[in-house]
Amino acid sequence: MNSAGPGDAPAHMGLDLTPFRGLRYDPERVGSLSAVTSPPYDVVVRPDGLLHLESADPHNIVRLILPQAGTPSARNERAADTLDRWVAEGVLARDPEPALYVYEQRDGTGLVQRGLIGTLRLSEPSDGVVLPHEDVMPHVVADRADLMRATRANLEPLLLTYRGDGGTTGAHAVVERATGRPPLLSTTTEDGFGHRLWAVTDPVEIAAARADLAGRQALIADGHHRWATYLRLRAEHPSPGPWDFGLVLLVDTALHPLRVRAIHRLLPRLPLADALSALTGLFRLRHLRAPLTEALDALADAARTGNAFLLAGDGAFHLVDLPSPDLLARTVPTDRPEAWRTLDATVLHATLLDHVWRIPEDSPEHVAYIHDTASTVEKAEREGGTAVLLHPVPEDIVRTLAQQGVTMPRKSTSFGPKPASGLVLRTL
């Protein structure tokens, strides 16, 4: 539960982050902390990555965030039963007192990202406190809502960013002081990232962090579907109550700029030859006999001057750029800002998927969204489909559109590094 309930929340229209009693793995009850963690549910490449995580440890968090069974209801029931059993067996144990958690990630390149994990008071986009920048898919929101209802838990923190003022007080000072103490946990996952977690329980420290964040505005970097799920479930439950809050990680991008990467598309039912044939005369097509890294460099060069995509699925790469201006005029909606109309994701959805290839983008059978570039290409080649690789959108464009209240097409960006799932959970 939150130590600060709705009745004593500060009166403001900024971020209201509150402490909670985290539910964490007991290191003595699992093989290793790294073996029970997972990437966020939508980053796990299925089925290969799912099977790998399930076999890493019988208590891997993937059994909760992506439960497997014959029907959706059976999957959610299995997740709820598994969570209850792990708590009863002591595999997962609740911390003794409410805390804000300082979370640090490091990689071998010198990247360090730190932020605060807590429960954030939910708000509508129109409130201007938490800004979404992408559209969501209703069936994914429904799926996550069913899972949260069954488990009565927030199993993974969302990644939200805010821009601090660069000062050395407030939330920043709380984070830095915490990292000078021994952590609650420290582990390195197989992707090479090191993870450390600290609990901040001092009421003075908590008050300082909350007061600083009270005047801030956040951007959803990762977790649009789960934020939409939080809002749906809040509407279903009486207020005030625990469903008024959702589990988040808040990162100050003035101190820790995030990496922005693209999310690629796999079109399993569209053979590459058919995809290229339909584009003839509408885009410039260039066949590239080059490794993936060189092909991505060519995509980056082409993206500097206009819309560009890299198609794969036949063992080679095909650079698609210079769309027909007439085609764009006929297919891209004109009721949004220029920055939105010229996005690669906008042209992909409005022009290629809707108009040229006529693929129903809401159907997971026709369009899959994959974060890992090599996996997208491999799956297209294995399944006889088409991989559409995109170039990342600059963060300043993402933030500018969000501040204007304009959402980008779904799965337009991948901000990272993302928090590992399984380090701290929240039950309601």
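Let me begin by describing the structure that accompanies this report.

What counts, and where the lines are drawn
- Residues numbered from 1 in each chain as written.
- Predicted model: local features only at pLDDT ≥ 70, side-chain atom pairs only at ≥ 80, totals over all residues.
- Heavy atoms only, no water.
- Pairing = 2+ DSSP bridges.
- Helix = DSSP H or I, 4+ residues; strand = E, 2+ residues; numbered from the N terminus.
- Axes fitted to C-alpha atoms, helices over the stretch in contact; angles between N-to-C directions.
- Contact = heavy atoms within 4.5 Å.
- Buried < 20%, exposed > 50% of the residue type's maximum accessible area, 1.4 Å probe, protein only.
- Phe/Tyr/Trp six-rings, centres within 6.5 Å; stacked < 30°, edge-to-face > 60°.
- Lys NZ or Arg CZ within 6 Å of the ring centre and 35° of its normal.
- Core = buried A, V, L, I, M, F, W, Y, C linked by side-chain atoms within 4.5 Å.
- Arc of directions from axis to C-beta.

### What to know about the sheet that holds strand β17 (residues 317-321)
Whenever strands of a sheet pair, they do so through backbone hydrogen bonds, lying parallel or antiparallel. As summarised here, the arrangement of the six strands in space is β15-β17-β16-β19-β14-β18, forming an open sheet in which the pairing is antiparallel. Each of the sheet's edge strands pairs with one partner strand only, and the pair in question is β15 (284-288) and β18 (368-370). Each neighbouring strand pair of the sheet contributes to a mean axis angle of 25°, computed without reference to strand direction. As judged from the five bridges shared by β15 and β17, these two strands associate in the antiparallel manner. Note on β17: the bridge partner recorded for Leu285 is Val320. The strands touched by helix α10 (residues 292-303) are β15, β16 (308-312), β17 and β19 (386-389); relative to β16, the strand with the most contacts, the crossing angle is about 155°.

### Examining unusual backbone geometry
With an omega dihedral of 5°, the bond running from Ser239 to Pro240 counts as a cis peptide bond. With respect to the secondary-structure elements, Pro240 resides in the loop between α8 (224-236) and β12 (245-252). The peptide bond linking Gly416 to Pro417 adopts the cis configuration, its omega dihedral lying at 5°. The residue Pro417 is located in the loop between β20 (414-416) and β21 (426-427) in this model. A positive phi angle, close to 50°, is found at Arg152, a residue other than glycine. Classification of Arg152 by relative accessible area gives partly exposed; the value is 39%. In the Ramachandran plot, Arg358 falls in the positive-phi region, its phi being about 50° despite a non-glycine side chain. In this fold, Arg358 is placed in the loop between α13 (344-356) and β18.

### Here's the deal with the packing of aromatic side chains
Counting across every chain of the model gives three aromatic pairs. Measuring from ring centre to ring centre gives 6.3 Å for Tyr25 and Trp86, while their planes differ by 50°; the resulting arrangement is tilted. Taken together, the positions of Tyr25 in strand β2 (residues 23-25) and Trp86 in helix α4 (residues 72-89) put the pair 61 residues apart, joining distant regions of the chain. We note that Tyr25, like Trp86, is buried. One residue, Arg144, lies across the ring of Tyr41, its end atom 4.0 Å from the ring centre.

### Observations regarding the environment of Ile220
Position of Ile220 among the secondary structure elements: in strand β11 (residues 218-222). In this structure Ile220 comes out as buried when scored by relative accessible area, which is 0%. For the pair formed by Ile220 and Leu131, sequence separation is 89 residues and the distance between their alpha carbons is 6.0 Å. Those residues in contact with Ile220, other than ones at most four positions away along the chain, are Val130, Leu131, Pro132, His133, Leu159, Leu160 and Trp227.

### Details of the nonpolar core
Trp227, Phe309, Leu311 and Trp357 are the most contacted members of the largest nonpolar core, which totals 111 residues. Contact partners of Trp227, with chain neighbours within four places excluded, come to Leu120, Arg121, Leu122, Ser123, Val130, Leu158, Ile220 and Val248. Ranked by size, the runner-up nonpolar core spans 16 residues in total, among them Ala312, Phe317, Val377 and Ala387.

### Some words on helix α2 (residues 48-56)
An α-helical segment advances 3.6 residues per turn. Residues three or four places apart therefore align on the same side. Within the span of α2, buried status applies to Gly49, Leu50, Leu53 and Glu54. Angularly, the buried residues of α2 cover 135° about the axis, an arc narrow enough to put them on a single face. For α2, exposure combined with an orientation more than 90 degrees from the buried face picks out Leu51 and Ser55. Contacts made by the buried residues of α2 are with α3 (62-65).

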